[in-house]
Amino acid sequence: ELEEPVDGIYCQNVVLGRGAVEALMEKGWESKVISVDTRSDAVQILKDGAMDAMIAQDGFEIGYQSVEIALETLQSGEEPKDVLFDGELLTSQDIGGD
């Protein structure tokens, strides 16, 4: 558990991001919070200004490509290649928030 405020927190999904936002609010701390996700509750938190930014990614495309890579790896026996997935940084201004 943090004993003093930090400049920012990066969360790998909106569930962790929401928890971070709530924990910061309970402590009365002001820290930037960024998560990866586009669930509607995360978008609302972003619109309300509680979270500072969110990285939106296409979950279907990521899942599809992950399965393709897994199949290729199983068939070839070779180590899989690294794949970068596109993402878009969203702020409250991008989605019509305050």
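Notes on the structure in this doc start here.

### Focus on the nonpolar core
Ranked by size, the top nonpolar core spans 14 residues in total, and within it V21, V33, L46 and M51 carry the most contacts. Examining the composition of this core, we find that four residues originate from one element, helix α1 (residues 14–27), more than from any other. Once you skip the residues sitting within four places of it in the chain, V33 turns out to touch I9, C11, G17, A20, V21, L24, M51, D52 and A53.

### Notes on the side chain of S31
With respect to the helices and strands, S31 occurs in the loop between α1 and β2 (32–36). Judged by relative accessible area, which is 12%, S31 ranks as buried. In contact with S31, other than residues within four places in its own chain, are V6, D7, L24 and D52.

### What to know about α1
Residues three or four positions apart in an α-helix share a direction because the helix packs 3.6 residues into each turn. Helix length check: α1 (14 residues) gives 20 Å between terminal C-alpha atoms against 20 Å at 1.5 Å per residue, within 8%. Backbone geometry just after α1 places G28 at a positive phi near 75 degrees.

### A word on the pattern of salt bridges
Pairs can form between side chains of opposite charge whenever their charged atoms are close. Counted according to the given criterion, the structure contains one salt bridge. Across the pair K32 and D52 runs a salt bridge, and its minimum N-O distance is 3.8 Å. Of this pair, K32 sits in strand β2 while D52 sits in the loop between α2 (40–48) and β3 (53–56); the two residues are 20 residues apart in sequence, bridging distant segments of the chain.

### Regarding the sheet that holds β3
On the basis of which strands lie adjacent, the open sheet formed by four strands has the order β1-β2-β3-β4 and mixed pairing. One side of each edge strand has no neighbouring strand; the edge strands of this open sheet are β1 (8–11) and β4 (88–90). Geometrically, the sheet is characterised by an average inter-axis angle of 15 degrees between neighbouring strands, direction not taken into account. Pairing of β1 with β2, which is carried by four bridges, proceeds in the parallel orientation. Across the sheet, residue Y10 finds its bridge partner in β2, namely I34.

### Here we look at the pairing of β3
With three bridges joining them, β2 and β3 adopt parallel strand pairing. Bridge pairing in β3 links S35 to M54.

Rules used in this analysis
- Residues numbered from 1 in each chain as written.
- Predicted model: local features only at pLDDT ≥ 70, side-chain atom pairs only at ≥ 80, totals over all residues.
- Heavy atoms only, no water.
- Core = buried A, V, L, I, M, F, W, Y, C linked by side-chain atoms within 4.5 Å.
- Buried < 20%, exposed > 50% of the residue type's maximum accessible area, 1.4 Å probe, protein only.
- Helix = DSSP H or I, 4+ residues; strand = E, 2+ residues; numbered from the N terminus.
- Contact = heavy atoms within 4.5 Å.
- Expected span 1.5 Å × (residues − 1).
- Salt bridge = Lys/Arg side-chain N within 4 Å of Asp/Glu carboxyl O.
- Pairing = 2+ DSSP bridges.
- Axes fitted to C-alpha atoms, helices over the stretch in contact; angles between N-to-C directions.

The values reported here are purely geometric and, on their own, carry no functional implication.
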